[in-house]
Amino acid sequence: MAYRALTEQEAVEYVKALPGLFTEGATLVSSEIGDGNLNLVFDIREEATGKSVIVKQALPYARVVGESWPLTVDRARIESEALRLQHKYVPDLVPEVYHFDQELALTVMENVGDHIIMRKGLIEGNRYPLFAKQIGKFLAHTLFYTSDLGASPYDKKALVGTFLNPELCKITEDLVFTDPYENAPTNDFNPLIQKEVEAIWENKPLKLEIAKLKFDFLTRAEALLHGDLHTGSIFITPTSMKAIDPEFAYYGPIGFDIGAVIANLLLNYAGQHGLQKDQGERESYREYLLTTVEDVWNEFVSQFVQLWHKQAKERSAHVEGLWQSYVNRLIQDTAGFAGCKILRRVIGLAGVADLNSIEDVQVRAEAERLALAIGEALILGRHNLEESTDITDLVRTVTARFYQEATTV
C-alpha cells in the first residue's frame, strides 16, 4: 500500500484486518486525538468491550506548521523501533507495539487510556509518589543497556546506525540550542518579556555555555535517547507510568534525557506563580516538585550505578574512581541541558501549558521571567553542581531573589 494519510474510517478498516487484535466482526469506532504537532493519532476501540488500540501515523510534514515544513516519515520507524527496544528493558514503563507498517509510516500500539498526560496532572496539582522511582528506572535501564557500558561495542555501533535521525535532530539543534538565543523567526514569546529575552540574546557567557552544550548534543553518542522526554510524553496514574512518543530517538549525551525531565518539572514550578493563587498551597506544591527533582536524579544514579557494577561489559568501566567521575559529569550535563530546555520553552516555538495556560498575561510574564532566571542559573552554574540538592538549592536561591526583587520594584 503506497503512503497516504489515513482517514478515521480507513484507520478502522486497517486495524480490523490485523489478526489477533479484535474479535472478527467487531464494531469499531475511532477518534483522532493527535496533539496537533506532528502526527495523526487514532484511538480505535471496540464498542461492546471497550478494548482499544492506538494507531499513530507520521505525516510528511510538521503538522504544527503545515506542509511548508516537510519531514521524513522515517521517524515512524525510529519511534517503533525505539519503543520495542525500550519495552525490552522496561516493559512495565512503555506501551507495547503490536504492528508497524513501513509503507504507511504507521504504528499500532497498546492504548494507555486509563492514564493521563503528566503535564495536565501537574497543572491540576496532582502528586505522583511513584514517579521518581519509575522514571529513574526508565532512564537508568534504557540509557545503560544502549550505551558502551551495557551493550557490546558491535551491537552499540550497529544501533547508532539504526537510529540515525538527522531531520528530527536538526529540529532539536535549532529549537533547543540555536533559535531561542537570537532573533529567529521561529521564536514565539510573550511580548511582555521582550526585555529579558533580548538580555539573553546579548549574554555572551550564557551563549558560550549553550554552544558547548549544543556541540555535546551533536558529537557525543553515549546512549539511545528518548529525545523528547517531557511531561507531555509521559502518561501517568498514581501507580503507573508509560513513556511514549520517542520519535526524536537517537544516540546522544545521557544527560539530555534526564535534563528534559527535570526541566519540565521546573517549568511547572515556575508556572505555579500563576497556576496556584493560594501562597501556602503554592509553596507546598513547589517543595513537592523540588523533592521530585532530587528523587529523579537520585533514583537514576542509584539504579544506573547498580547496573554499572553488576553488568558493565566494558572492562575499563571497572577502573577505580571512573563511575564517580562519570556521574559527576552527568549531573553537570543534566543541569545544562535542563536549562536549555527551560529557555527554549519560554522563548522558542512550542511553549508549554504550565505557562501558557495562565490567563493573566502579566502574571504569565512574571512566571516566565522566573523560568528564564532558573534556566540561566542552571546553565551558568552547572560546573559547580555535585548533588541533586545543589540543583534544588540553586532553584530556591533564584526564586527567593526573584520575589525579593519583585517587592522592591
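Residues numbered from 1 in each chain as written. Predicted model: local features only at pLDDT ≥ 70, side-chain atom pairs only at ≥ 80, totals over all residues. Heavy atoms only, no water.

As annotated in an unreviewed UniProt entry, the chain carries the name Methylthioribose kinase and comes from Brevibacillus centrosporus. As its UniProt record puts it under Sequence similarities (unreviewed entry), the chain is described as follows: "Belongs to the methylthioribose kinase family." (UniProt positions renumbered as here; feature names shortened; annotations may be inferred.)

Section: empty space enclosed by the protein
Summed over the entire model, instances satisfying the criterion amount to two cavities of 30 Å³ or more. Volume-wise, the largest cavity comes out at about 50 Å³. Looking at the largest cavity, the residues that line it are N39, K56, Q57, A58, R75, A76, E79, A105, T107 and E247. Secondary-structure elements contributing two or more residues to the lining of the largest cavity are β3 (52-58) and α2 (75-89). With three residues, α2 is the largest single contributor of residues to the lining of the second largest cavity. Tallied by class, the residues present in the lining of the second largest cavity amount to three nonpolar, three polar and no charged. (1 Å grid on protein atoms, 1.4 Å probe; cavity = no way out; pocket = protein on both sides within 12 Å on 5 of 7 lines; lining within 4 Å. Points joined across faces, edges and corners; volume = space filled by probe spheres on them. Helix = DSSP H or I, 4+ residues; strand = E, 2+ residues; numbered from the N terminus. Nonpolar A, V, L, I, M, F, W, Y, C, P; charged D, E, K, R; others polar.)

Quick look at the domain arrangement of the chain
How big an interface is tends to be stated in terms of accessible area lost as the parts join. Parsing the chain into structural domains produces domain 1 (8-110) and domain 2 (116-407). Between the C-alpha centres of domain 1 and domain 2 there is a distance of 27 Å. Across the contact, 24 residues belong to domain 1 and 28 residues belong to domain 2. Roughly 2300 Å² of surface becomes buried between domain 1 and domain 2 when both sides are summed, with 67% attributable to carbon and sulfur atoms. In terms of surface lost to domain 2, no three residues of domain 1 exceed I78, Y89 and L93, which account for 27% of the buried area on that side. Viewed at the interface, domain 2 and domain 1 are joined by four salt bridges. If you look at where domain 1 meets domain 2, you find eight residue pairs in polar contact (both at pLDDT 80 or more). At the level of elements, β5 (66-70) and α2 are the ones that each hand at least two residues to the side of domain 1 that touches domain 2. Of the residues forming the side of domain 1 that touches domain 2, the biggest block, 10 residues, is contributed by α2. Here the side of domain 1 that touches domain 2 is built from residues that sort into 14 nonpolar, three polar and seven charged. (Domains from an automatic or database assignment. Contact = heavy atoms within 4.5 Å. Buried area = accessible area lost by both parts, 1.4 Å probe. Salt bridge = Lys/Arg side-chain N within 4 Å of Asp/Glu carboxyl O. Polar contact = N/O pair within 3.5 Å; in protein donor to acceptor, adjacent residues only side chain to side chain.)

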